[in-house]
Amino acid sequence: MCFFINSRQTIFPGKIKVKKPYPKLLKMPLAISLPTSSFSHFFPRRRGHTNLRCKRFHGARSTLEEPYDRKNQTGVIIIGAGLAGLAAATRLNSERIPFLLLEASDGVGGRVRTDIVDGFFLDRGFQIFITAYPEAKKLLDYEALDLQRFYAGAKVFYGGKFHTVADPLRHFWDSVASLTNPIGSVVDKGLIALTRARVLIKSDEEILTAADEVTTIDLLRKIGFSEAILDRFFRPFFGGIFFDRDLETTSKLFDFIFRCLALGENTLPAMGIGEIPNQLAEKLPASSVLFNTRVASIEYPNGSDSDPPSVRLQDGGVLKAKLGVIVAVEQQEADKLLEEIREPVMTKPARSTICVYFTAEPNQIPVQDPVLFLNGSSTGIINNMFFATNVARTYAPPGKALVSVSLIGSFEDRSDDYLAAEVLRELSGWFSESSVMSWKHLKTYRIKFAQPNQCPPTDLVKSPRVGSGLYLCGDYMTSATFDGALVSGRRAVEVLLREKGQIK
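Residues numbered from 1 in each chain as written. Predicted model: local features only at pLDDT ≥ 70, side-chain atom pairs only at ≥ 80, totals over all residues. Heavy atoms only, no water.

In the nomenclature of an unreviewed UniProt entry, the protein chain is known as Phytoene dehydrogenase, chloroplastic/chromoplastic-like of Camelina sativa.

Written as structure tokens, this is what we have:
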């Protein structure tokens, strides 16, 4: 993505309909030796806002309601129904290999979930889906997700007013008007174009396996960007993506994201970010999923790793898999499950974020543009914010608006009420004070483990194999993105199947 920057107000289009790039996958149901109650689709497609309810599989079970028959075995056990676990299940399903997907919570998605609160759709933390993610394009039906797009750029608050950062290939005249604003120099804008060209001539594999990684901030300084554009644009924009305003994240991840932004659109599914895991789950046999099923430990029988390990549940039950076990939970949870099998893995502190939601009347929203607002002032606690209902009208009930504000860090010493009040005070300096102070605090999400810390040195193509019949997947194994999680799930299954002689 190549950005140029201006301070002219523009009206932006609000919706995108992305053509379905791939046919529906995995239409055949999977016959397995597990108890069944229904093979119907998990979630009927939702046509409007009023019929949305708490999502639940038709036929999926919970050990709180119907304990699993532990005498049965399956081919593969997957622990965790986040994006990585769902991708692993999808790959197994395509090979018609029986599996059991265990999820400790009451639904799929892990960190990628949407809650419905008083009729509002609340994504658990600030999340944007980039349509150019290569693995996502293979697995997802974009048309069915009804993707709604952001403006290709952002508005940066600096010097008491907003300045627009625009992609010249999508908003040419906005970019032309940017040459004299204070967000960056003319040289900076030329360097953005050169950076775009540099990442586009490389493949994703070349980027993610590059040996010459540095921190993102060191890369940008080496390219020649001024401190002005680093502080006013790159820190809030990519800091909001990495949850790392210091930009210490690996340059490999920066290049990968920059390439995806150049090739695709920033979007949200009309019915919330949680529709992405929901769509993956729809393709799986519902009886292969167990909710409210927490794993206590993973154990090799008699201490020998000649056979795949067994899975001990928190309620004392033990499950076995003929081919192997795939651990698809967050890194800190995986370390707990594997503490009897391997030495602890030294990790860096995870990235944390806070997302604060407010409700408002439509006439209390100062702009109608589907644009991301960035804090370029280097003061205050806000990193970025947007009016969710400007991007996707379906995020709020009729006649209501939804505001999403993101902070970077954990702010453990400050209460939700304090943060909400401070956010409103800051935004009163961005927009009309009378409008902002009429907004009502709806909910605050504190995401302690929002993203793995991927400061250099990194290995974004880690081997998923832990031991005989035991494999890991998750975004910490690859890139800390939606796409990385999906790739890791597929790779874990492919290594398992290759070791078991199922594929070459």
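Visitor: What is the right way to look at the side chain of Asn453 in this model?
Guide: Looking at the secondary structure, you find Asn453 in the loop between β20 (440-451) and β21 (465-467). Given the relative accessible area of 16%, Asn453 is considered buried. Reaching out from Asn453, the side chain makes a polar contact with the backbone oxygen of Pro349 at a distance of 3.0 Å. Polar side-chain contacts of Asn453 include one of 3.1 Å to the backbone nitrogen of Cys455. Leaving out residues up to four positions away in the same chain, Asn453 has contacts with Lys348, Pro349, Ala350 and Arg351. (Helix = DSSP H or I, 4+ residues; strand = E, 2+ residues; numbered from the N terminus. Buried < 20%, exposed > 50% of the residue type's maximum accessible area, 1.4 Å probe, protein only. Polar contact = N/O pair within 3.5 Å; in protein donor to acceptor, adjacent residues only side chain to side chain. Contact = heavy atoms within 4.5 Å.)

Visitor: Where do I start with helix α13 (residues 416-430) in this structure?
Guide: An α-helix turns once every 3.6 residues. As a result, residues three or four positions apart point the same way. Between the first and last C-alpha of α13 there are 21 Å, a value that for 15 residues agrees with the 21 Å anticipated at 1.5 Å per step. If you check which residues of α13 are buried, you get Leu419, Ala420, Glu422, Val423, Leu424, Glu426, Leu427, Ser428 and Trp430. (Expected span 1.5 Å × (residues − 1).)

Visitor: Explain the sheet that holds strand β7 (residues 129-130) here, please?
Guide: The pairing of strands in a sheet comes from backbone hydrogen bonds and takes either a parallel or an antiparallel form. Reading across the sheet, the three strands line up as β7-β11-β8 and stay open at both edges, with antiparallel pairing between neighbours. Looking at strand neighbours, the two that pair on one side only are β7 and β8 (147-149), the edges of this open sheet. With two bridges joining them, β7 and strand β11 (residues 266-269) adopt antiparallel strand pairing. Counterpart to Phe129 in the pairing with β11 is Thr267. (Pairing = 2+ DSSP bridges.)

Visitor: When you look at the confidence of the model for the protein chain in this model, what are you seeing that I'm missing?
Guide: The predicted structure's coordinates, where accompanied by low pLDDT, should not be read in detail. Mean pLDDT for the protein chain: 87, with 84% of residues reaching 70 or above. Confidence drops under a pLDDT of 50 for residues 2-59, and excluding neighbours within four residues, the segment shows 188 contacts in the predicted structure. (pLDDT = per-residue confidence, 0-100.)

Visitor: Any chance you could explain the pattern of salt bridges here in plain terms?
Guide: Close approach of charged atoms allows side chains of opposite charge to pair. This structure, assessed with the given rule, holds 25 salt bridges. A single network of salt bridges, built from pairs that share partners, joins Arg91, Glu95, Glu135, Lys138, Arg490 and Glu494. (Salt bridge = Lys/Arg side-chain N within 4 Å of Asp/Glu carboxyl O.)

Visitor: Is there a simple way to explain the packing of aromatic side chains in this structure?
Guide: What characterises a pair of aromatic rings is the spacing of the ring centres plus the angle enclosed by the ring planes. For the structure on display, the rule yields 30 aromatic pairs. On the numbers, 5.5 Å between centres and 90 degrees between planes, the contact of Phe129 with Tyr142 is edge-to-face. Here Phe129 is found in strand β7, whereas its partner Tyr142 is found in helix α3 (residues 142-145), with 13 residues between them in sequence. Here Phe129 matches Tyr142 in class, with each residue buried. Ring pairing ties together the aromatic residues Phe157, Phe162, Phe358, Phe373, Phe387, Trp430, Phe431 and Trp439, which thus form one cluster. The ring centre of Tyr445 lies 5.2 Å from the NZ or CZ of Lys443, which sits over that ring. (Phe/Tyr/Trp six-rings, centres within 6.5 Å; stacked < 30°, edge-to-face > 60°. Lys NZ or Arg CZ within 6 Å of the ring centre and 35° of its normal.)

Visitor: Explain helix α9 (residues 251-263) here, please?
Guide: Taking 1.5 Å of rise per residue, 13 residues should cover 18 Å, and α9 covers 18 Å from first to last C-alpha, within 8% of that figure. Three or more residues of α9 are buried, namely Ser251, Lys252, Leu253, Phe254, Asp255, Phe256, Ile257, Phe258, Arg259, Cys260, Leu261 and Ala262. Put simply, Thr250 is the residue that caps the front of α9, since its side-chain oxygen is 3.1 Å from the backbone nitrogen of Lys252.

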